Amino acid sequence: VERFGGQQASSLMPSQADLRARVRLWNAHLDSVLAPAQFTLLMNHEEEAEAQKLAALYAALDVYEQDLVGPYLVGDTFTLADAAALPFFERLVISLRHFKGLEPIEPKRYPRLARYLDTAMAPPRFLS
């Protein structure tokens, strides 16, 4: 409804137009920047390309560190952007830890992102 001019927003989409736009921008970044960076790093088997692929992942994560509002991606309310991002972040951390021996979201490098993930993944919201 929201995308096609409807007046009613779902509970996962903010009612304010600027916040709805931010949700869409976060989802676009996840789909077009962060997910490809994680996937290409995870699938990489060429040692000489590893640093470049890791740099692309860190550049994508830097956007989250710089632009997230907090405590959730677009502010005080859990939105569709969070619902899309959290399962991805869980897979990102687990897969890169297991297959590459990396801890991609170090709290010293990404304090805001780490705090966001701790808050957003805390039970019961994340478990339900």
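Residues numbered from 1 in each chain as written. Predicted model: local features only at pLDDT ≥ 70, side-chain atom pairs only at ≥ 80, totals over all residues. Heavy atoms only, no water.

Some remarks on the overall build of the protein
Move 1: On a plain count of helices and strands, the protein comes out with 4 helices and 0 strands.
Move 2: Taking contacts inside the protein between residues at least 6 apart in sequence as the whole, the part at least 24 apart equals 67%.
Move 3: Accessible area for the protein stands at about 7700 Å²; split by element, carbon and sulfur atoms hold 56% of it. (Helix = DSSP H or I, 4+ residues; strand = E, 2+ residues; numbered from the N terminus. Contact = heavy atoms within 4.5 Å. Areas by Shrake-Rupley, 256 points an atom, 1.4 Å probe, with all protein chains shown as cover.)

Re the side chain of Asn44
Move 1: Topologically, Asn44 is positioned in the loop between helix 1 (17-43) and helix 2 (47-67).
Move 2: Non-local contacts of Asn44, meaning those with residues more than four positions away in its chain, are made with Ala49, Glu50, Lys53 and Lys100.

Focus: the nonpolar core
Move 1: Ranked by size, the top nonpolar core spans 34 residues in total, and within it Leu34, Leu61, Phe89, Ile105, Leu113 and Tyr116 carry the most contacts.
Move 2: Where this core is concerned, the elements lending two or more residues are helix 1, helix 2, helix 3 (80-100) and helix 4 (111-120).
Move 3: Ranked by the residues each element gives to this core, the list is headed by helix 3, at 8 residues. (Core = buried A, V, L, I, M, F, W, Y, C linked by side-chain atoms within 4.5 Å. Buried < 20%, exposed > 50% of the residue type's maximum accessible area, 1.4 Å probe, protein only.)

Focus on the packing of helix 2 against helix 3
Move 1: Between helix 2 and helix 3, the least distance of the axes is 14 Å, while the angle of their chain directions is 155°. Taken together, the axes of helix 2 and helix 3 lie roughly antiparallel to each other. Between helix 2 and helix 3 lies a crossing of left-handed hand. For the pair formed by helix 2 and helix 3, the contact residues are Glu50, Leu57, Leu61 and Tyr64 on the first element and Phe89, Leu92, Leu96 and Lys100 on the second.
Move 2: For the contact of helix 2 with helix 3, the per-class residue count stands at 6 nonpolar, no polar and 2 charged. (Axes fitted to C-alpha atoms, helices over the stretch in contact; angles between N-to-C directions. Parallel < 35°, antiparallel > 145°, perpendicular 65-115°, else oblique. Left-handed = near helix turned anticlockwise from the far one by under 90°. Nonpolar A, V, L, I, M, F, W, Y, C, P; charged D, E, K, R; others polar.)

Digging into the packing of aromatic side chains
The way to describe two aromatic rings as a pair is by their centre distance and the angle between their planes.
Move 1: For the coordinates displayed, the defined rule picks out 5 aromatic pairs.
Move 2: Between Tyr64 and Phe89, the aromatic rings sit 5.1 Å apart at their centres with planes inclined by 85°, giving edge-to-face as the arrangement. Pair noted here: Tyr64 is in helix 2 and Phe89 is in helix 3, with a separation of 25 residues, a long-range link. We note that Tyr64, like Phe89, is buried.
Move 3: Within the aromatic cluster, the residues linked to one another by ring pairs are Trp26, Tyr64, Phe88 and Phe89. (Phe/Tyr/Trp six-rings, centres within 6.5 Å; stacked < 30°, edge-to-face > 60°.)

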